[in-house]
Amino acid sequence: MSISGPATESPPNNQVAVTGVGALCATGLDFERAFKALFEKRREPTPPQRFDLDHPTTYPVFELPPSPLDREDKRQPWLRTSRLAVAAAREALQDAGWGDGNGLSQLKVGVCIGTTVGGAMNDEKFYRDFLAEKNPDLKPINRYLRSNPAAVLAQVFNLHGPQLTVVNACSSGTDAIGLGADWIRSGLCDLVLVGGSDELCRVTCNGFISLMISDQQPCRPFDRRRSGLNLGEGAAVLVLESDKLQKRHQPTPQAFILGYGSACDAWHLTAPHPEGQGLRQALQLALTDASCKAEDISFINAHGTATLNNDLAEGKVLKSIFPQTPFFSTKGHTGHTLGAAGALEAAFTIGMLHSGKIPASAGFSELDPEIDHAPTNGTKDLNGGLALSQSLAFGGNNAALVIGLDGERQ
Amino acid sequence: MIPLAIRGIGPVGAFGAGLNELRAALKGEKQVVPELVKIKTDRGFHNLPVFRASTRALKTIIKSRELRRLDHFSRMALLGACLACEDAGQTLIGERTGLIVASAYGASATTFSFLDSVIKDGDALASPTLFSNSVHNAAAAHIAKHLKITGPNLSLSQGRLSVPMALLTAVQWLAEGRVDTVLCGAVDEYCDVLGYCWQSFLNQKETSSDKNQGSYLKPRGPGEGSLFFWLSRADGTSAPYGYLEKLELKTTMPNTQEAACAVPLICSFGPDNDNPEPRIDQINNLLKIDLSQICGSLPIAAAFDLAAAATMLCDQTLYINNPENKPQTLPFPETSIGCWQPDSTTDRNPLTGNCYWITNRLKL
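Residues numbered from 1 in each chain as written. Chains lettered and ligands numbered in written order. Predicted model: local features only at pLDDT ≥ 70, side-chain atom pairs only at ≥ 80, totals over all residues. Heavy atoms only, no water.

S.K.: Can you walk me through the overall build of chain A in this structure?
M.R.: Looking only at helices and strands, chain A features 12 helices and 13 strands. Buried residues in chain A amount to 67% of all 410 residues. For chain A, the accessible area works out to roughly 14200 Å², and carbon and sulfur atoms hold 48% of it. (Helix = DSSP H or I, 4+ residues; strand = E, 2+ residues; numbered from the N terminus. Buried < 20%, exposed > 50% of the residue type's maximum accessible area, 1.4 Å probe, protein only. Areas by Shrake-Rupley, 256 points an atom, 1.4 Å probe, with all protein chains shown as cover.)

Right, here's the structure in full:
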């Protein structure tokens, strides 16, 4: 089998069906449990349990509950990031009616996964031994080389389509879904596994603490007293299917990716443009792509990291473009899962469209007068079947997805 | 797929910076001498030839003050990107241009420098500057900021498939009309850890039972560099470097029929690939070139292959680095060139497909 460039220049139909969802994060080891917990008041970030940090104070994180995924074994000889991605993909394929994925090898199936940690060689033990001239064994290098998340999913499910690991920092998961949907639209693939995955590790914890954007308390997105993010870990995978494949496979689409927009601030390495210039552009592109207007959107699953800069820029944009639309951040429950964040939030967005309810923005209690726009402060019933999920990232990347329940609206 | 017009090329490698330097190296007018780096492994010290790239030329384009916080990885990427824009005559960019940066390993030297700060000074004194530059998309951020590229921005990492996946994404964006032009490139760097791993893998290979397999093409040593293309849809005007007309990720080698479509088929042994399938010799019209002698072996070598093919099409001359390095003239004026980068498909790594593409200068 070989994969060529896209078959068509003008996509006949922008809608791409989501037929399966799988997710795991601090709130639960499968999508149902992870989603349900968003509507509970309980949230319990703790100091990292799987590794130590040496700081004068503790910085809580949202770690996965203990599970067999904590262990690398012969069947899963990959970095934790890829093991999480595999777990989410298995659940998503089951959910889509593909069982263990056996029927996929004869189809044009692609994999598009976002990550940050999963793309970096940063084994600290190996490096310490290297510095000490102990001639370290290459096992960690081999593990890293075979752990590319997209390649691992392709290997596990015997897929021969395009493989793409997106490393756009915190917008990776959203971008991966948008790019994978494009593969369906253009006829490049019959089915694509899209999503994101990231593990907690010392490098990212120390990195975000060094930038002084980590909170020592549970994070408070959009709140006046917010003081930074809590890191988290997790993975989410969606199964996207072409119209043609759906006719054969006859799944029940759970939602549709209707629009995708991506734009760059071209402003600063780590800070967003103060007026959210790139985010505005990405949102406009996503709405245009979905042939809808801002007032059609019933809620927004915001990026809402709880850093001063992100929430200020994002809040300003939301207030000016969507002054009446409810918005919230789920990071108060999951932590910031970096490359997985956009995918987890897209998965949650689908769950909310189905349940007809959106949650309170966990951690918010006091309006920031500079933002002057408050997220949800309690569970709300939904009106409408269209939603936005958006991500901002290091590097000035911005990405937005329009997700709908009804694929025929276009 | 829609053909992509190649309108500018920005190469940076051990051969120098810019297309003239690449061309001179392809012609054999310029000898590239690798630096010998001392590597210590469990078998003692080794002198590893390393093909390093200089970014000195960047200072003629951008003020030194603006480069203060950029690491070597981002500098290589920025230099390649600037050269591709300059080659294409582009100055005004903006939101209708997309940016794609592919890298197999990212800013690995900076990642290890960040670990140095943790190991030497402790967790609480980890360097924020090194951390932010170690993030995989830092290079794309610097390019976007400098060139004011506000369109879609993608950094990707897919091992040796990084370059074809970057090109595939460019095709997608242009076909859908998301952008009008794409600055699409790749970058990878050498670091001490990579040198150690390279030498250690070589040591292992020498003692393994299959050491003779593929031994006719020993890797010359690791390299580093960047290579960017300025791409657009074919709009009826002539593209100086031809058109990317076919892009395939294959799990098998090209068959004779496919190979016959592209005359000649350039088979370049770029990255750390010393174990190509032996059947390649059965393909007619196969022209083997070895770009690793001018840029070393690196996982983004596929970008250098395409640049070499595009340059040869532009010049209507084949530059074959045979012992005499004597350029050959193409057999006929209207022709296409295929590039194929072989890769071993093994049980352990069954998913790494081969890349194969064709450029055709005169068809459009």
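Moving on from the coordinates now.
S.K.: Sorry if this is basic, but what is going on with the pairing of strand E13 (residues 397-404) of chain A here?
M.R.: The side chains of a regular strand alternate, residue by residue, between the two faces of the sheet. All names here are of chain A. Among the 8 residues that make up E13, 8 are buried, leaving the element largely enclosed by the rest of the structure. Of the two faces of E13, the one carrying Asn-397, Ala-399, Leu-401 and Ile-403 and the one carrying Asn-398, Ala-400, Val-402 and Gly-404 are both buried. Bridging between strand E12 (residues 386-392) and E13 involves 7 bridges; their strand directions are antiparallel. In the sheet register, Ala-387 faces E13, and the bridge partner there is Ile-403. (Pairing = 2+ DSSP bridges.)

S.K.: Sorry if this is basic, but what is going on with the packing of aromatic side chains here?
M.R.: How two aromatic rings sit relative to each other is given by the distance of their centres and the angle of their planes. Evaluation of the coordinates by the stated rule reveals 14 aromatic pairs over all chains. Between Phe-31 of chain A and Phe-348 of chain A, the ring centres sit 6.4 Å apart and the planes meet at 25 degrees, which makes this aromatic pair stacked. Taken together, the positions of Phe-31 of chain A in helix H1 (residues 31-36) and Phe-348 of chain A in helix H12 (residues 341-355) put the pair 317 residues apart, joining distant regions of the chain. Taken together, the ring pairs in this structure connect Phe-126, Tyr-127 and Phe-130 of chain A together with Phe-112 and Tyr-196 of chain B into an aromatic cluster. Across from the ring centre of Phe-45 of chain B, 5.7 Å away, lies the NZ or CZ of Lys-38 of chain B, which sits over that ring. (Phe/Tyr/Trp six-rings, centres within 6.5 Å; stacked < 30°, edge-to-face > 60°. Lys NZ or Arg CZ within 6 Å of the ring centre and 35° of its normal.)

S.K.: Where do I start with the interface of chain A and chain B in this structure?
M.R.: Think of interface size as the accessible area that goes away when the parts come together; that is how it is often given. Taken residue by residue, the interface counts 74 residues in chain A and 68 residues in chain B. Three residues stand out in chain A for area buried against chain B, namely Tyr-127, Leu-138 and Leu-269 of chain A, and they jointly supply 11% of the buried area on that side. We note a salt bridge from Asp-289 of chain A to Arg-178 of chain B, for which the minimum N-O separation is 3.3 Å. Where chain A meets chain B, there are 24 residue pairs in polar contact (both at pLDDT 80 or more). Looking at the side of chain A that touches chain B, the element that brings in the most residues is helix H7 (residues 202-210) of chain A, giving 7 residues. In terms of residue class, the side of chain A that touches chain B is made up of 37 nonpolar, 25 polar and 12 charged. (Contact = heavy atoms within 4.5 Å. Buried area = accessible area lost by both parts, 1.4 Å probe. Salt bridge = Lys/Arg side-chain N within 4 Å of Asp/Glu carboxyl O. Polar contact = N/O pair within 3.5 Å; in protein donor to acceptor, adjacent residues only side chain to side chain. Nonpolar A, V, L, I, M, F, W, Y, C, P; charged D, E, K, R; others polar.)

S.K.: I tried to follow empty space enclosed by the protein on my own but got confused; where do I start?
M.R.: Rolled over the atoms, a probe as big as a water molecule pinpoints where empty space is left. Taken as a whole, this structure holds 6 cavities of 30 Å³ or more when the rule is applied. As a volume, the largest cavity reaches approximately 260 Å³. Around the largest cavity, the lining comprises 25 residues; the ones closest to its centre are Thr-116 and Ala-120 of chain A together with Ser-134, Val-135 and His-136 of chain B. Of all the elements, H7 of chain A adds the most residues to the lining of the largest cavity, at 3 residues. Across the lining of the largest cavity, the residue classes tally to 14 nonpolar, 11 polar and no charged. (1 Å grid on protein atoms, 1.4 Å probe; cavity = no way out; pocket = protein on both sides within 12 Å on 5 of 7 lines; lining within 4 Å. Points joined across faces, edges and corners; volume = space filled by probe spheres on them.)

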